[in-house]
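The lines below spell out each chain.
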Amino acid sequence: MSAMTRRIVLARFCDGPPVAEDFRIEDAPMPEPREGQFLVRNILISVDPGTRARLSGKPSYIPPLKLGATVGAFSIGEIIESRHPDFAPGEIVSLADGWAEHVIGDPRGFVRRITDRRLPLAAWLGVLGVSGMTAWFGLHRVASLKAGETVVVTSAAGAVGSAAGQLARIHGCTVIGVAGGQAKCDWMTEVAHFDAAIDYKATADLPAAIAAAAPKGIDVLFDNVGNAMIDQVIPLMRQNGRIVVSGQVDAYNSDESAVEGIRNTRAFITHRLMMQGLVVFDDLPNWGAAEAAMADHMVSGELVGRWEVLPGGLEATPDAFAGLFRGENTGRRLVRLAPDPDDFPKDAS
Ligand SMILES: NC(=O)c1ccc[n+]([C@@H]2O[C@H](COP(=O)([O-])OP(=O)(O)OC[C@H]3O[C@@H](n4cnc5c(N)ncnc54)[C@H](OP(=O)(O)O)[C@@H]3O)[C@@H](O)[C@H]2O)c1
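Sequence order as written defines the numbering, with residues in each chain counted from 1. A pLDDT threshold of at least 70 governs which residues receive local features in this predicted model, and a stricter bar of 80 or more applies before side-chain atom pairs are shown or counted, although totals over entire chains, interfaces and linings include all residues. Processing note: side-chain calculations cover all non-hydrogen atoms of the structure and skip hydrogens and water entirely.

**Focus: the sheet that holds strand β12 (residues 237–245)**
Reasoning step 1: Two strands make a pair as long as DSSP finds a minimum of two bridges between them. Numbering of helices and strands runs from the N terminus, with a helix taken as a DSSP run of H or I at least four residues long and a strand as a DSSP run of E at least two residues long. What the 6 strands build is an open sheet, ordered β10-β9-β8-β11-β12-β13; its pairing is parallel. The sheet is open, and its two edges are formed by β10 (196–199) and β13 (274–277), each paired on a single side. When the angles between neighbouring strand axes are averaged without regard to direction, this sheet yields 15 degrees.
Reasoning step 2: Sheet analysis places strand β8 (residues 150–154) next to strand β11 (residues 218–223), joined by 3 bridges and oriented parallel. Residue pairing in the sheet places Val 153 in a bridge with Phe 222 of β11.
Reasoning step 3: Packing against the sheet, helix α2 (residues 159–170) makes contact with β8, β9 (174–179) and β11, and its axis sits at approximately 170 degrees to β8.
Reasoning step 4: Any two residues whose heavy atoms approach within 4.5 Å are treated as being in contact. Here an angle of 0 to 180 degrees is reported between the N-to-C directions of two axes, which are lines fitted to C-alpha atoms, with helices fitted over the stretch in contact. Those strands touched by helix α4 (residues 206–213) are β8, β9, β10 and β11, and its axis lies near 170 degrees from that of β10.

Laid out in structure tokens, this is it:
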């Protein structure tokens, strides 16, 4: 009998927050690499809030996933068979091919080679992966961040937000993080050394709380949450302020027609504001330099990676994903499918 593997497919379109019944684990024949490809055994897979935007069967900012298709995600794994001259068995790579025990790597798509052994493997799916790159390019390319500015980050204890806040602090900025719950706020001030942390779930007047923490106003808003959040912060922006639209976690479970609008647009004129989104893959040619700088910051201890690795394999993945929308994750949430290779520092989680 030929070798088999397993993957998670979309069993039905999500309606509201994702639930386990939306997904199905399937047995599948082991994929076979063609010329120029390689076979990867996944070690860690990610759960990403943005994936939800593809699961309703309706057009979104990315094409919808078809029923029966493997659910998208990032992973890190080991090459176990190669038909590519530059990729050898035993090499560790990061890919974007979904919730599956084995995937085909093809350098014509997204493949990052992981050669730096100074940090745990999980870091390369979080602060050194798509999350950290979104923070880096959002702040540096989109917002043109300058030392001395005041930065507000939302979902600031999450994977992208925790990296964005720390990068802004390292750049010499005053950082105010907004997140849900006291434990997340404590982490932001005590571990990530943000200047202020605000628990939006326990704050009746969020704009007043942000204004108290930023009496001179805000130069950059790095937003991971959505329009209602942005609308509350716009009146606090300074002249020439920039709003980076990174994500809309508050909107991914809603119909496009139910997404809130932004009312406070006059400030774009009076305060010469700029608002711009990003798709981090546009910056792929420049990831290498950003990854190297971020890895150095981590090794020096200036930048603290925030991630959790959940046990339980593929079976645990749908609920790990659903938990993102309940605010359960502490930073980047990953699921372990296989043990780390011996030559990476061990992960505490
Ligand atoms: N533009 C790009 O290229 C790009 C690339 C990667 C990711 N992203 C986006 O970046 C954002 C952050 O991604 P991430 O991976 O770091 O995820 P994340 O911020 O860790 O997302 C999960 C967190 O979102 C918060 N949340 C959930 N529902 C919420 C709601 N209704 N209102 C406010 N907060 C809510 C919760 O934190 P609290 O407990 O604090 O509420 C939860 O722990 C996402 O929107 C993602 O789509 C963009």
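Structure shown, so let's carry the discussion forward.
**Here we look at the nonpolar core**
Reasoning step 1: In this structure, Leu 44, Leu 121, Leu 128, Phe 137, Leu 139, Met 294 and Met 298 are the most contacted members of the largest nonpolar core, which totals 57 residues.
Reasoning step 2: Two domains each donate at least three residues to this core, and these are domain 1 (4–126 + 306–336) and domain 2 (130–281).
Reasoning step 3: Apart from the residues within four sequence positions on either side, Phe 137 is in contact with Val 142, Leu 278, Val 280, Asp 283, Asn 286, Trp 287 and Ala 290.
Reasoning step 4: Nonpolar core, defined: a set of buried Ala, Val, Leu, Ile, Met, Phe, Trp, Tyr and Cys residues in which side-chain atoms within 4.5 Å join the residues together. Each residue gets one of three labels from its accessible area relative to the maximum for its type: buried under 20%, exposed over 50%, partly exposed in between, using a 1.4 Å probe on protein chains only. Residues Val 225, Leu 236, Met 237 and Ile 243 belong to the second largest nonpolar core, which totals 21 residues. All the domain ranges listed were derived from an automatic or database domain assignment.

**Thoughts on the packing of aromatic side chains**
Reasoning step 1: The aromatic pairing rule takes the rings of Phe, Tyr and Trp, using the six-membered ring of Trp, and pairs them if the centres are within 6.5 Å, calling planes under 30 degrees apart stacked, those over 60 edge-to-face and the rest tilted. Evaluation of the coordinates by the stated rule reveals 10 aromatic pairs.
Reasoning step 2: A ring pair is formed by Phe 74 and Phe 281, whose centres lie 6.0 Å apart and whose planes are at 20 degrees; its orientation type is stacked. Of this pair, Phe 74 sits in the loop between β3 (38–46) and β4 (75–82) while Phe 281 sits in the loop between β13 and α7 (287–300), and the two are 207 residues apart along the sequence.
Reasoning step 3: Looking at Phe 74, the relative accessible area reads 12%, which means it is buried.
Reasoning step 4: A ring pair is formed by Phe 281 and Trp 287, whose centres lie 5.9 Å apart and whose planes are at 20 degrees; its orientation type is stacked.
Reasoning step 5: Exposure remark for Trp 287: the relative accessible area of 1% places this residue in the buried category.
Reasoning step 6: Connected via pairs of aromatic rings, a cluster forms that spans Phe 23, Trp 99, Phe 321 and Phe 325.
Reasoning step 7: When the ring centre of Phe 87 is taken as reference, the NZ or CZ atom of Arg 113 above it lies at 4.0 Å.
Reasoning step 8: Any Lys NZ or Arg CZ that is within 6 Å of a ring centre and within 35 degrees of that ring's normal is treated as a charge sitting over the ring. Stacked on the ring of Trp 187, the Lys or Arg Arg 306 has its end atom at 4.2 Å from the ring centre.

**Some details on the pattern of salt bridges**
Reasoning step 1: Salt bridges are defined as contacts in which a side-chain nitrogen from Lys or Arg sits within 4 Å of a carboxyl oxygen from Asp or Glu. Summed over all chains, the structure comprises 24 salt bridges.
Reasoning step 2: In this structure, Arg 41 engages Glu 78 in a salt bridge whose closest nitrogen and oxygen atoms are separated by 3.1 Å. Taken together, the positions of Arg 41 in strand β3 and Glu 78 in strand β4 put the pair 37 residues apart, joining distant regions of the chain.
Reasoning step 3: Among the salt bridges present, the one from Arg 108 reaches Asp 106, with a minimum N-O distance of 2.7 Å.
Reasoning step 4: When salt bridges that share partners are traced, they join Glu 308, Asp 319, Arg 326, Glu 328 and Arg 333 into one network.

**Some details on α2**
Since the α-helix packs 3.6 residues into each turn, any two residues three or four apart lie on the same face.
Reasoning step 1: End to end, α2 covers 17 Å across 12 residues, agreeing with the expected 16 Å (1.5 Å per residue, within 8%).
Reasoning step 2: Within two residues after α2, Gly 172 carries a phi angle of roughly 90 degrees, on the positive side. Given the number of residues in a helix, its expected span is that number minus one, multiplied by 1.5 Å.

**Here we look at the site of the ligand**
Reasoning step 1: Taken together, 26 residues lie around the ligand, and Val 160, Lys 184, Tyr 200, Leu 278 and Asn 329 are the ones closest in.
Reasoning step 2: At a separation of 2.7 Å, an oxygen atom of the ligand approaches a polar side-chain atom of Ser 155.
Reasoning step 3: Within the backbone of Val 160, a nitrogen or oxygen atom sits 2.7 Å from an oxygen atom of the ligand.
Reasoning step 4: When the free accessible area of the ligand is taken as 920 Å², the share hidden by the protein chains comes to 89%.
Reasoning step 5: All residues other than Ala, Val, Leu, Ile, Met, Phe, Trp, Tyr, Cys, Pro, Asp, Glu, Lys and Arg, Gly among them, are scored as polar; the first ten of these are nonpolar and the last four charged. Among the residues making up the shell around the ligand, the classes are represented as 12 nonpolar, 11 polar and 3 charged.
Reasoning step 6: Here the shell around the ligand spans two domains, and each of domain 1 (4–126 + 306–336) and domain 2 (130–281) adds at least three residues to it. Note on terminology: near, applied to a residue and a molecule or strand, indicates that one of the residue's heavy atoms is within 4 Å of it. Polar contact is the term for a pair of N or O atoms within 3.5 Å; when the atoms are in protein, one must be able to donate a hydrogen and the other to accept it, and sequence-neighboring residues count only if both atoms are side-chain atoms. Using a 1.4 Å probe, the Shrake-Rupley method yields the accessible areas, and only the shown protein chains count as cover for residues.

**Quick look at the side chain of Glu 26**
Reasoning step 1: With respect to the secondary-structure elements, Glu 26 resides in strand β2 (residues 23–29).
Reasoning step 2: A polar side-chain atom of Glu 26 sits 2.9 Å from a polar atom in the side chain of Arg 24.
Reasoning step 3: Excluding residues that lie within four positions of it along the chain, Glu 26 makes contacts with Thr 5, Arg 6, Arg 7 and Val 9.

**What to know about the domain arrangement of the protein**
Reasoning step 1: According to the domain assignment, the protein consists of domain 1 (4–126 + 306–336) and domain 2 (130–281).
Reasoning step 2: Using C-alpha coordinates to define each centre, domain 1 is positioned 28 Å away from domain 2.
Reasoning step 3: Taken together, the 23 residues of domain 1 in the interface contact 15 residues of domain 2.
Reasoning step 4: By buried area we mean the combined loss of accessible area, with a 1.4 Å probe, across both parts when two parts are placed together. Taken together, the two surfaces of domain 1 and domain 2 that pack against each other cover about 1,400 Å², and 54% of this comes from carbon and sulfur.
Reasoning step 5: If you look at where domain 1 meets domain 2, you find 1 salt bridge.

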